Amino acid sequence: MSSSSLYRRLRGLFNHSPSSAPRFNKPNPSPPSSATNKPNKSTAGPASAATPPNAERRLQNLVKNFIKRSESALFRRRKGTYDSTVRRLATHKKFSMIEEIIEAQKKYKDIKDEGFAIRLIMLYGKAGMFSHARKLFDELPELNCERTVKSFNALLASCVNSKEYDQVETIFREVPQEVSIEADVRSYNIVISAYCEMDALDKAILFFNAMEKTGMEPDLVTFNTLLTAFYKRGQFLEGESVWGMMESKNIAPNIISYNARLQGMVQEKRIQEGIGLLAEMEEKKIEPDVHSYKALIKGFCEDGDLEEAKKWYNKLKENEITPNKSIYGTLLPFLCEQGDFEFGLQLCREAIDNQLFINVAEVQRVVDGLVEVSKIEEAKDLVELCNSKNYLNFNLELPQTST
DNA sequence: CTAGGGTTAG
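What counts, and at which threshold
Residues numbered from 1 in each chain as written. Chains lettered and ligands numbered in written order. Predicted model: local features only at pLDDT ≥ 70, side-chain atom pairs only at ≥ 80, totals over all residues. Heavy atoms only, no water. UniProt positions renumbered as here; feature names shortened; annotations may be inferred. Axes fitted to C-alpha atoms, helices over the stretch in contact; angles between N-to-C directions. Helix = DSSP H or I, 4+ residues; strand = E, 2+ residues; numbered from the N terminus. Parallel < 35°, antiparallel > 145°, perpendicular 65-115°, else oblique. Contact = heavy atoms within 4.5 Å. Near = heavy atom within 4 Å. Polar contact = N/O pair within 3.5 Å; in protein donor to acceptor, adjacent residues only side chain to side chain. Nonpolar A, V, L, I, M, F, W, Y, C, P; charged D, E, K, R; others polar.

- The name an unreviewed UniProt entry assigns to chain A is Pentatricopeptide repeat-containing protein, from the organism Citrullus colocynthis.
- You can read under Sequence similarities (unreviewed entry) in the UniProt record for chain A the words "Belongs to the PPR family. P subfamily."

### Quick notes on the packing of helix α9 (residues 185-197) against helix α11 (residues 220-232)
The relative placement of two packed helices comes down to the angle between their axes together with the axis-to-axis distance.
In step 1: Where α9 meets α11, the axes come as close as 9 Å, and the angle between the chain directions of the two elements is 5°. The angle between α9 and α11 places the two elements in the roughly parallel class. Between α9 and α11, the residues in contact are V185, N189, I192, S193 and C196 and V221, T222, T225, L226 and A229, respectively.

### Concerning the UniProt feature "repeat: PPR" (unreviewed entry) in chain A
In step 1: According to UniProt, the feature "repeat: PPR" (unreviewed entry) maps to residues 184-218, 219-253, 254-288 and 289-323 in the numbering used here.
In step 2: From the first C-alpha to the last, residues 219-253 spans 10 Å; its make-up is 74% helix and 0% strand.
In step 3: Taken end to end, residues 254-288 has its terminal C-alpha atoms 10 Å apart, with 74% of it in helix and 0% in strand.

### Observations regarding the protein's contact with DNA strand B
In step 1: As a matter of local geometry, DNA strand B sits amid 24 residues, with N153, R186, N189, K325 and S326 nearest to it.
In step 2: Of everything in DNA strand B that lies within 4 Å of the protein, sugar and phosphate atoms constitute 37%.
In step 3: With respect to DNA strand B, the side chain of T225 contributes an N or O atom lying 3.4 Å from a sugar or linking oxygen.
In step 4: Of all elements in the fold, only α3 (79-91), α5 (114-126), α7 (149-161), α9, α11, α13 (255-267), α15 (290-302) and α17 (325-338) reach the threshold of two or more residues within the surface near DNA strand B.
In step 5: Residue contributions to the surface near DNA strand B peak at five residues, all from α11.
In step 6: By residue class, the composition of the surface near DNA strand B is six nonpolar, 10 polar and eight charged.

Okay, structure coming up:
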């Protein structure tokens with residue numbers, strides 16, 4: 001099938017769908033729109049729900065230390081520290097502190113490096129402070145920082161990260177003209193992913209088509225964005241269309257593409273096809289990962305097939321993949337439902353070995369089940385094991401038994 | 001600077 005007929009097919013799908021007006025998600029619940037922090041509610045009354053004084057002081061110290069430490073050039077390369085500090089401040093809605101930290105970075109020569117500037121723009125975006133991101137972007141020339149499509153993309157991504165969805169299109173359309181920058185494939189990908197996040201897949205496809213019309217070639221990321229969006233929402237046929245389009249363009253799917261399709265197949269109850277897809281991945285030397293196995297395990301759990309679910313869990317282990325919390329979260333309730341508490345016990349022990357945060361209710365269910373089948377010693381061991389782990393913060397108890 | 005992902009808060 002030619003690529004253009006696939007395009008028509010896909011477009012057709014959308015023309016006939018009950019296409020609705022673009023739906024914008026609610027704006028960020030607390031987008032700081034001005035440069036100043038809102039005064040705390042605590043001023044309105046006695047010690048209420050606002051940041052407690054101790055926490056407030058800790059955060060102030062955090063900011064002070066951060067600014068002090070950022071005098072060191074070595075420190076300024078530590079992206080992770082910047083990320084985690086801003087994330088922490090953002091969860092406490094300390095936007096003026098974030099501004100303080102980021103503005104303090106502008107006095108270092110690093111700001112002439114576009115990469116550094118991009119990091120700061122992205123930090124504002126992740127904190128939900130898009131207007132600050134925009135301001136910094138506008139200031140780059142006077143800070144002697146070269147401004148290319150990369151910082152434009154950072155600005156656009158910040159817009160999406162701050163969930164200022166209604167601004168994305170305007171930014172995409174207007175900023176390049178204002179500053180003589182040309183959008184690239186990444187710019188398009190960011191806008192497409194924004195539409196997908198908004199659940200406006202019809203707009204995503206329209207934009208995808210528009211992109212093609214300008215002669216811009218979609219890449220692997222473009223396709224993965226669309227594949228994930230369709231398959232995740234159970235629009236399997238549309239996903240398959242996109243997959244076919246990707247093939248016709250000779251873009252080789254990677255693990256992300258395959259996992260998206262695998263999840264789509266499982267959702268469609270086409271588990272056997274999914275197993276076939278996993279085999280295809282292996283043939284192509286794209287090693288299935290924890291998410292690939294998770295898809296199959298989930299499928300078999302939903303199918304009530306205990307043997308197959310356990311089988312795929314064992315295959316995951318054979319391939320030396322470390323299960324994550326989602327594997328246990330999928331399997332444990334199912335094992336309890338099926339009365340396989342021994343296997344449940346084994347999984348709990350493993351999860352704890354791996355220091356995973358498992359769900360207390362799930363573990364309690366295993367404990368109760370073990371007692372029900374008179375495996376009192378095992379139940380007791382599990383209770384003690386869990387309660388002894390500080391990180392879990394559990395306080396499990398053995399259910400009463402009639403002796 | 002763009003794609004998925006079962007995550008603490010400090």
